[in-house]
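As a plain string of letters, each chain reads:
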Amino acid sequence: MPKECLICQRIAAIKQHENRYFVRELATGYVVLADSQYFEGYTLFLGKQHVTELHQLAPQTKIAFLEEMSLVAEACGQAFHADKMNIELLGNGDAHVHWHLFPRHAGDTAKAGPVWWTPLETMYGDDVAADPVRLARLKNTLNQALDAVLLKRAGELRAVHDFTLNDHARAGHTRSPATD
């Protein structure tokens, strides 16, 4: 873990049970709520591996990571009644693969467009930080939606994991692709 990587630090806090934004662990990443909730339900899916680019993941891990992100996005959209989901893998600020999942609603910004057109002082202001009661409500809502989506899509997810794990085993690897 690079000491300067904020995402690795947040994952370490999850493992030490010290990340209050943590929602759930999946095979390839961690679901967390964002520190700012200007866009209510703004969720991050943090890759377990420290790589800076999606193409740097082993093919099997990449397929599973993309599938899991899709399921988290589906759950996020359902949990927060999104009209549209904005999904981004950026990494210019934090060079560790992670997805930004924004539930969007008609009229949620002054001008239709990407979330980043919202002034940062508005988007990350103290008034939109999740207080403990709101954070607990958001986490519970997202966890319930994740339960429903994971149950509904269990066959698909199992097929992806079986494909990626079996392909990984055929290649002579002994470790899970989620932990390589």
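Computed from a predicted model, the values in this text were never measured in an experiment.

## Overview of the sheet that holds strand S3 (residues 43-47)
And step 1. An order of S1-S2-S3-S5-S4 is seen for the 5 strands of this open sheet, with the pairing classed as antiparallel. Each of the sheet's edge strands pairs with one partner strand only, and the pair in question is strand S1 (22-25) and strand S4 (84-89). The sheet shows a mean angle of 20 degrees between the axes of neighbouring strands, taken without regard to direction.
And step 2. Sheet topology note: the S3/strand S5 (residues 98-104) ladder contains 4 bridges and is antiparallel. When the bridges of S5 are listed, Leu 46 appears paired with His 98.
And step 3. Where helix H4 (residues 132-152) meets the sheet, its contacts fall on S1, strand S2 (29-33) and S3, and the angle it forms with S1 comes to roughly 20 degrees.

## A closer look at the pattern of salt bridges
And step 1. On inspection of all chains with the given rule, the structure shows 8 salt bridges.
And step 2. When the shortest N-O distance is used, the salt bridge between Asp 35 and Arg 10 registers 2.9 Å. Residue Asp 35 is located in the loop between S2 and S3, and its partner Arg 10 is located in helix H1 (residues 6-15); the two are separated by 25 residues in the primary sequence.
And step 3. Residue classification places Asp 35 among the partly exposed positions, given a relative accessible area of 29%.
And step 4. Given the relative accessible area of 26%, Arg 10 is considered partly exposed.
And step 5. Connected via shared salt-bridge partners are Glu 40, Arg 134 and Arg 137.

What counts, and where the lines are drawn
Residues numbered from 1 in each chain as written. Predicted model: local features only at pLDDT ≥ 70, side-chain atom pairs only at ≥ 80, totals over all residues. Heavy atoms only, no water. Pairing = 2+ DSSP bridges. Helix = DSSP H or I, 4+ residues; strand = E, 2+ residues; numbered from the N terminus. Axes fitted to C-alpha atoms, helices over the stretch in contact; angles between N-to-C directions. Contact = heavy atoms within 4.5 Å. Salt bridge = Lys/Arg side-chain N within 4 Å of Asp/Glu carboxyl O. Buried < 20%, exposed > 50% of the residue type's maximum accessible area, 1.4 Å probe, protein only.

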